Amino acid sequence: MSNYKAGTQRFPSVPKKITSATWSALGAMAMLSISANTAFAQEKAAEPAIQKIEITGSSIKRINAETALPVQVISRIEIAKTGATTAEQLLTTLSANTGYTQESASISDKPGSSGMSGANLRGLGVSSTLVLLNGRRMAAFAFGGEGTDLNSIPLSAIDRVEVLKDGASAVYGADAVGGVINFITRKDFKGFEASVSGMRTDEGGGGDKSVSLLGGFGNLANDGYNVFASLQHKKNDQLRTAQRDFAVSAWRPLEARGYPDNFTSANTFPAAMYAVSGKKYLGNPSAPDCAPPSSILINGACRFDYQAAADVYPESQKTNLITRGTLAINADHTVFAEFTASKNEAKYRLSPTGVNGNQGTGSSAWTYPAGGPFYPKTYVNSAGQTVATDGKPFNVRMRMTPGGARTNGQESEQQRLLLGAEGVIAGWDYNTAFAHSISENTQTLTNGYYDKAKLLAAFKTGKINPFGAQSQEGQALLDSAERNIDGRKGKSTTDVFDARFTREIAQLDAGAVGMATGIEFRREKLEDNSSDEILAGTIYSTSKSRRVSESRDVKAIFAEFDVPLAKDLSAQMALRHDSYGGNIGSSTNPKVALRYQPSKDFLFRISFGTGFRAPTMKDLDPSAVETSTGGLYFDSIGCAKYNSQCYSDQIPTTEAGNPNLKPEKSKQFSMGFVWEPLAAFSAAVDYWSVRKTDVIKFAPETLIDTDPAFVEKSITRDSDGYITNWALTAQNQGKETKSGIDLNLAYRLKFDDMGKLTTRLSGTLMTKSEQQFSENSKVFDNLGKWGFEYVTPKWRHRLSADWDIGNWGFTVANSFQLHHEDQQLDPKGNRPTVASYSLWDLQTGYYGFKDIKITGGILNVLNTKPPFSNQTLTYFAGFDSTYVDPRGRAFYIRLNYAFK
């Protein structure tokens, strides 16, 4: 990658009437440059070849490696020192990565992109962050098609990671509004490496074991070829809520706040009894003791603590393979092939199925017969009084604890085959490839899910015990009603052909003018289907996901120039044209950046560009599905206007796509400097700002708490004022603005007999985070708050110190996120503060054995627990699973053998 080719971008959309002219102009510009400058190339051929600058990191950032755009490089050595073994874990250390999707957060009874790990630069959305492998795209995650699953990245084979923090790359795509994360594998590897590692937590659960192998032969320079392959397998243990005191319960009376956090359920086991007529709560035979830990007494009634029966981390296995072969045809042409494959198998365990058998009448109610063998003689009412039963049938609200936890099996597979060539033709460096990439997902109902009609019929026999252990006959009836099926299947396919050309096209007084140009043709397909039974609603406790079947063709052309305007000043100018066809249309986006270096120790850079992100295929698909909110919300309008209940149950919703969506547009600006007054010290400070318009979103469910008047337009109520439906349709919703300052500091000290010490600080200070859901709606300030989907902290950083002495290496690191305002108000109407979150890690390495490295470390040395948070959007109450590490203190050791 040459220095004028590093990360590029664009500008405002042009009218559709001239898009064909734009295509012609860009194409002509590229072709004329090729032909008109052949003579210049021949004149230059006699001169010594100029070494192209590779964008890689070093212990101290060197100013001559800095470009006009902010690029953070994480080397293989730095990756190892983070203690990360997966791409997801590595990217959590990036201060610019906010609101990312963790695989563990997929433990939920909402469908979403189940099982996905996704990066989210600047908090602008997973679908606005472009993740690449060796500079090229992979298929989007098959469930939803809204980003790249980090589980498919083979971290053991990665040489470095380049993070372009300035959005909308002209080279890679105008849709990269948040930025680009490029995982670059090793190339031309010769030898053999093997490593094994294991990690266990201090309090049990959540450990892992992994093994990786890397082998290669052939030297491209001497032998004319190289072939290598890397295989990694990792097994993760489940982490149950019962193994962490901060996660064990959804009932937290008076914890840390002075007000209760209660999201327990009335569907409990032993079952609660209700009168058949009038639906009046009678009581529970097991009260007041109930059946802890899952069934506990709260305000005179047994309530089910759903969180006590769930996992925090899923049990999973991950296997990643990458192979690469390179063949030098001659001095000017090289062909290469890559094949990557990954498989991720996980089990997500939730609380047992809950049945509100008090709903409905007659045949649809869960009515226990008076003559049933388990008919109780007495029950305890909410006043604590023991009351004799009246010999009449009663209805129940019941948790299917006898059937065990609801368990979803998740299997995700990805493959990518890439064939390409690179070299020199007519004085131009070229790189071209075709890639076929597939992502396939299957979600299976493996335990604890029941057919509604069969389970109701079994219950009405009276042979199922609602209050205790099942007889052999009762258990057989339960088993006969269980459904174990593939609940959801998805397949995402991406075929890409691209060609890129770079060279110096002219010589100015200040230096050579560099040019890069290229084309890209891409076909995308998405099939995402829930089963007929789930869509028909015949199975209890399953969430529906819309059926999606879409495809589209995308084509793009770009050109980029690096122009030396003066000895110390250069300009980077780029233009990209993307065409999606149909209602989306086309867009042309420019990028302009200046790099000014008045002295060897100071560099100033500034850039401006625009971006363009098309709706995802799922956003565009007009299919609809009936589902419900994940949380419980205060219905202020229903409470005040209709005198209905103020606290709703989960609100019924209808989610639908929108084929008339417009693309998002964005404007990006960045300005900063790099200062290196000493060889041992460097500082990089960059201000950035992104403004998106026509933002594509579904209204977040938490909006009903913050802007009920806006939500009311989409709500349907019955005659009593109860919400019967909330229409959630994908919309172009106003604008979103984010800005901040990135800070990167590095300092190195050398000691005569005590080695060297290198310290690094990488942090992001957010200065603005605003969101609007329509032109006429209020503007929400999310800075330093739990917003509608995740936290936007004012400050995040990673601080590390590496001490290398002889055959030893020591690292201490701190990851920090500043405190923020919580989602829910306290009883006095105040918004409490969620404490800052700070984790310290230690690592020690010994390299004194021939070909062998031994590394050990402690994650979260102080065993810091996630801070208390009263948010409702995630499955877990009491803490926010979207950004914390619930494993606690953990110990790991790694053994690496390398032979070359």
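No experiment lies behind these values; they were computed from the predicted model shown.

Colleague: Sorry if this is basic, but what is going on with the pattern of salt bridges here?
Modeller: When the charged atoms of two side chains lie near each other, side chains of opposite charge can form a pair. What the rule picks out here adds up to 42 salt bridges. The closest approach of N and O atoms between R523 and D553, which form a salt bridge, is 2.6 Å. Here D553 lies in strand β27 (residues 548-566) and R523 lies in strand β26 (residues 511-530), a separation of 30 residues in the sequence. On the accessibility criterion, R523 (41% relative accessible area) is partly exposed. One salt bridge connects E524 with R552, and the closest N-O pair in it is separated by 2.9 Å. One end of the pair, E524, is in strand β26; the other, R552, is in strand β27, and 28 residues separate them in sequence. E524 sits in the buried class, given a relative accessible area of 12%.

Colleague: For this particular structure, what's the right way to read the state of the cysteines?
Modeller: Think of a disulfide as a covalent bridge from one cysteine sulfur atom to another cysteine sulfur atom. Scanning the entire structure with this criterion turns up one disulfide. Note on cysteine connectivity: C290 is disulfide-linked to C302, with sulfurs 2.1 Å apart. On the S-S bond that ties C290 to C302, the torsion sits near -90°, and the link is left-handed. In this pair, C290 sits in the loop between β12 (281-283) and β13 (295-298) while C302 sits in strand β14 (residues 301-304), placing the two residues 12 residues apart along the sequence. Comparing C290 with C302 shows no difference in burial state: the two are buried.

Colleague: Looking at this structure, how should I read the sheet that holds strand β31 (residues 624-628)?
Modeller: Sheets are built from strands that pair by backbone hydrogen bonding, the pairs being arranged parallel or antiparallel. The strand order across the open sheet formed by four strands is β31-β32-β37-β36, and the pairing between neighbours is mixed. Since the sheet does not close on itself, it has two edges, and those belong to β31 and β36 (715-717), each with one partner. Taking the axes of each pair of neighbouring strands and ignoring which way they run, one obtains an average angle of 20° across the sheet. Here three bridges tie β36 to strand β37 (residues 723-729), and the two strands are oriented antiparallel to one another. Paired with I715 across the two strands is W726, which belongs to β37.

Colleague: Any chance you could explain the pairing of strand β34 (residues 681-693) here in plain terms?
Modeller: Along any regular strand the residues' side chains alternate between the sheet's two faces. Examined bridge by bridge, strand β33 (residues 664-678) and β34 share 12 bridges and lie antiparallel to one another. Opposite W675, over in β34, you have A683 as the bridge partner.

Colleague: What's the story with the sheet that holds strand β4 (residues 179-185) in this structure? I'm lost.
Modeller: Taken in spatial order, the four strands of this open sheet run β1-β3-β4-β2, and their pairing is mixed. Single-partner strands in this sheet number two, and they are β1 (71-75) and β2 (129-133). Put simply, the sheet's adjacent strands are angled 15° from each other on average, direction ignored. Where strand β3 (residues 158-164) and β4 come together, six bridges link them in antiparallel fashion. Note that in β4 the partner of V161 across the bridge is F183.

Colleague: Where do I start with the packing of helix α5 (residues 452-460) against helix α6 (residues 472-481) in this structure?
Modeller: It is at 8 Å that the axes of α5 and α6 come closest, and there the two elements cross at 165°. When the axes of α5 and α6 are compared, the pair comes out roughly antiparallel. Considering the relative orientation of α5 and α6, their crossing is right-handed. Mapping the contact onto sequence places K454, L455 and A458 in α5 and L477, L478, S480 and A481 in α6. Taken together, the residues that form the contact of α5 with α6 break down as five nonpolar, one polar and one charged.

Colleague: Is there a simple way to explain the pairing of strand β40 (residues 756-772) in this structure?
Modeller: Two elements, strand β39 (residues 735-750) and β40, share 15 bridges in a ladder whose sense is antiparallel. Within β40, the residue paired with G740 across the bridge is M766. Following β39, the chain reverses through five residues before pairing antiparallel with β40; G755 in that reversal takes a positive phi of roughly 75°. Of the pairings in the sheet, the one linking β40 to strand β44 (residues 795-805) comprises 10 bridges and is antiparallel in character. If you follow T759 over to β44, its bridge partner there is A801.

Colleague: Sorry, what's going on with empty space enclosed by the protein here?
Modeller: This structure, assessed with the given rule, holds 18 cavities of 30 Å³ or more. Q89, T92, Y313, D885 and R887 are, among the 45 residues lining the largest cavity, the residues nearest its centre. Looking at the lining of the largest cavity, the elements with two or more residues in it are α4 (87-91), β5 (191-201), β7 (225-236), β16 (315-328), β44, β45 (808-817), β48 (837-849) and β50 (890-899). Each residue belonging to the lining of the largest cavity can be placed in one class, and the counts come to 13 nonpolar, 21 polar and 11 charged.

Colleague: I keep staring at the packing of aromatic side chains and nothing clicks. Help me out?
Modeller: Each aromatic ring pair is described using two quantities: the centre-to-centre distance and the angle formed by the ring planes. Within the structure shown, the criterion is met by 24 aromatic pairs. Ring plane angle 65° and centroid distance 5.4 Å describe the contact between Y274 and Y281, whose orientation is recorded as edge-to-face. Overall, Y274 belongs to the buried group, its relative accessible area being 9%. With centroids separated by 5.2 Å and ring planes inclined at 75°, the aromatic side chains of Y846 and F849 adopt a geometry described as edge-to-face. Ring-pair connections join several aromatic residues into one group, and the members of that group are W366, Y368, Y375, F394, F459, F467 and Y540. R122 extends its terminal NZ or CZ atom over the ring of W688, reaching a point 4.0 Å from the ring centre.

Reading guide: rules and limits
Residues numbered from 1 in each chain as written. Predicted model: local features only at pLDDT ≥ 70, side-chain atom pairs only at ≥ 80, totals over all residues. Heavy atoms only, no water. Salt bridge = Lys/Arg side-chain N within 4 Å of Asp/Glu carboxyl O. Helix = DSSP H or I, 4+ residues; strand = E, 2+ residues; numbered from the N terminus. Buried < 20%, exposed > 50% of the residue type's maximum accessible area, 1.4 Å probe, protein only. Disulfide = S-S within 2.5 Å. Pairing = 2+ DSSP bridges. Axes fitted to C-alpha atoms, helices over the stretch in contact; angles between N-to-C directions. Parallel < 35°, antiparallel > 145°, perpendicular 65-115°, else oblique. Left-handed = near helix turned anticlockwise from the far one by under 90°. Contact = heavy atoms within 4.5 Å. Nonpolar A, V, L, I, M, F, W, Y, C, P; charged D, E, K, R; others polar. 1 Å grid on protein atoms, 1.4 Å probe; cavity = no way out; pocket = protein on both sides within 12 Å on 5 of 7 lines; lining within 4 Å. Points joined across faces, edges and corners; volume = space filled by probe spheres on them. Phe/Tyr/Trp six-rings, centres within 6.5 Å; stacked < 30°, edge-to-face > 60°. Lys NZ or Arg CZ within 6 Å of the ring centre and 35° of its normal.

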